[in-house]
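What follows is the residue order along each chain.
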Amino acid sequence: MRFALQLYSLRDDTQKNADLTLRRVSEMGYENVEFAGYYGKSGKEMKELLDSLNLKAISSHVIYPRFTDNFKEEVELNHAVGNDTIVLPWMKTDTLDEAKKAAEDIEKMAQAFIREGFKFGYHNHAHEFKPLDGNGTCAMDFIREVPGVKLQPDVFWLKTAGIDPVEFINKNSDRLISIHMKEYREDGFNVELGNGILPWREIMSAAQNAGVDTGIVEQEEYTCEPIKSVEICINNIKKIFG
């Protein structure tokens, strides 16, 4: 199992100084990163920076407007840095009609990136599991049926939605792309990984049994400075998984 950091976890730090922030990420022991933006760098510049720090880009979160407005740029940059995985991090699905439309748009986006040689996934929050009609139909029911789309379960949001992460992973074992390792505290706070209540060994064992080889740390709430927060996460990963 390889571990990575979703760089959205350090969104303020990277906007101030991406080079220094990525250096600190490397120094604390991360070897892989998932993008959520590129800090104004070209593919060549980003590749050179990552190589200098012994970091590898293994995935990128790309919002839908980037597909409609900046598709060529996304393709060229991600090819340049050697990343082969694109993940859509969110779609609006508050109504049944919105959920159906989202599934149609996800298919368009997925097929476009797949044609360019990428694997494509969808990253859940909690709202995709909200019942949208009297039959309990939810947006994830439509997303799961989109051809070519794999899932990137965010276990914090699964727990928030009242879904057991291990059960979800087992149920969808044939279409997972990676796991978002986001910790959950009893009060619903996104505490640092290893300091909450999620059964990480069970979660990642289920993921491995499903053929998943990538766990990606993401931190959206903090008990300390973000850079220290993600360091706590990687240190706890080392303790939990050796």
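One can find the structure itself at the top, above this paragraph.
Now for a description of the structure that goes with this document. Not measured: the values here are computed from a predicted model.

**Some details on the pattern of salt bridges**
The final tally for this structure, using the stated rule, is 15 salt bridges. Among the ionic pairs, R66 bridges to E73, the shortest N-O distance being 3.2 Å. You can call E73 partly exposed: its relative accessible area is 40%. The salt bridge partner of D105 is K101, with a shortest N-O separation of 2.8 Å. Here D105 pairs with K101, and both are found in helix α4 (residues 96-115), just four residues apart, close to one helical turn. Taking relative accessible area as the criterion, K101 reaches 42% and is therefore assigned partly exposed.

**What about the packing of helix α3 (residues 64-81) against α4?**
Where α3 meets α4, the axes come as close as 11 Å, and the angle between the chain directions of the two elements is 5°. Accordingly, the angle class assigned to the pair α3 and α4 is roughly parallel. Each of Y64, F67, F71, E74 and V75 in α3 lies in contact with α4, whose residues at this interface are D105, K108, M109, A112 and F113. Looking at the contact of α3 with α4 residue by residue, the class counts come to seven nonpolar, no polar and three charged.

**Concerning the sheet that holds strand β4 (residues 85-88)**
If you trace the eight strands from one edge of the open sheet to the other, you get β6-β5-β4-β3-β2-β1-β8-β7, paired in parallel fashion. In the strand order of this sheet, the two ends are held by β6 (150-152) and β7 (179-181), each with one partner. Neighbouring strand axes in the sheet, compared pairwise and without regard to direction, differ in orientation by 35° on average. Sheet topology note: the strand β1 (residues 2-6)/strand β8 (residues 214-217) ladder contains four bridges and is parallel. By the bridge assignment, A4 is partnered in β8 with I216.

**Some details on the environment of R185**
Here R185 is to be found in the loop between β7 and α8 (200-209). Spatially, the C-alpha atom of R185 lies 8.0 Å from that of L198, the residues being 13 residues apart in sequence. Those residues in contact with R185 that sit more than four places away from it in its chain are V191 and G196. A polar side-chain atom of R185 sits 2.9 Å from a polar atom in the side chain of D187.

**Observations concerning the nonpolar core**
Counting residues in each nonpolar core, the largest one holds 70 residues, and the members touching the most others are Y30, I106, F113 and F120. Not counting residues within four places of it along the chain, the set of residues in contact with I106 comprises L88, M91, F120, Y122, I143, V146 and V149.

**Observations regarding the pairing of β1**
The buried count for β1 comes to four of five residues, which makes it a mostly enclosed element. In this sheet, strand β2 (residues 32-35) lies alongside β1 in parallel orientation, the contact comprising three bridges. Residue pairing across strands places L5 opposite V33, the latter belonging to β2.

**Here's the deal with the packing of aromatic side chains**
One pair of aromatic rings is described through two measures. These are the centre distance and the angle between the planes. If you walk through the whole model with that rule in mind, you get 11 aromatic pairs. Note on F71 and F113: the rings are 4.9 Å apart at their centroids and 70° apart in plane angle, and the pair reads as edge-to-face. Taken as a pair, F71 in helix α3 and F113 in helix α4 lie far apart in primary sequence, 42 residues in all. Among the residues examined, F71 registers a relative accessible area of 22% and is labelled partly exposed. Classification of F113 by relative accessible area gives buried; the value is 0%. Aromatic side chains F156 and W157 sit 5.0 Å apart centroid to centroid with 85° between the ring planes, which places their arrangement in the edge-to-face category. Residue F156 is classed as buried on the basis of its relative accessible area, which comes to 4%. Members of the aromatic cluster, joined through ring pairs, are Y64, F67, F71, F113, F118 and F120. Looking at R11, its charged tip hangs above the ring of Y8, at a distance of 4.2 Å from the centre.

About the criteria used
Residues numbered from 1 in each chain as written. Predicted model: local features only at pLDDT ≥ 70, side-chain atom pairs only at ≥ 80, totals over all residues. Heavy atoms only, no water. Salt bridge = Lys/Arg side-chain N within 4 Å of Asp/Glu carboxyl O. Buried < 20%, exposed > 50% of the residue type's maximum accessible area, 1.4 Å probe, protein only. Helix = DSSP H or I, 4+ residues; strand = E, 2+ residues; numbered from the N terminus. Axes fitted to C-alpha atoms, helices over the stretch in contact; angles between N-to-C directions. Parallel < 35°, antiparallel > 145°, perpendicular 65-115°, else oblique. Contact = heavy atoms within 4.5 Å. Nonpolar A, V, L, I, M, F, W, Y, C, P; charged D, E, K, R; others polar. Pairing = 2+ DSSP bridges. Polar contact = N/O pair within 3.5 Å; in protein donor to acceptor, adjacent residues only side chain to side chain. Core = buried A, V, L, I, M, F, W, Y, C linked by side-chain atoms within 4.5 Å. Phe/Tyr/Trp six-rings, centres within 6.5 Å; stacked < 30°, edge-to-face > 60°. Lys NZ or Arg CZ within 6 Å of the ring centre and 35° of its normal.

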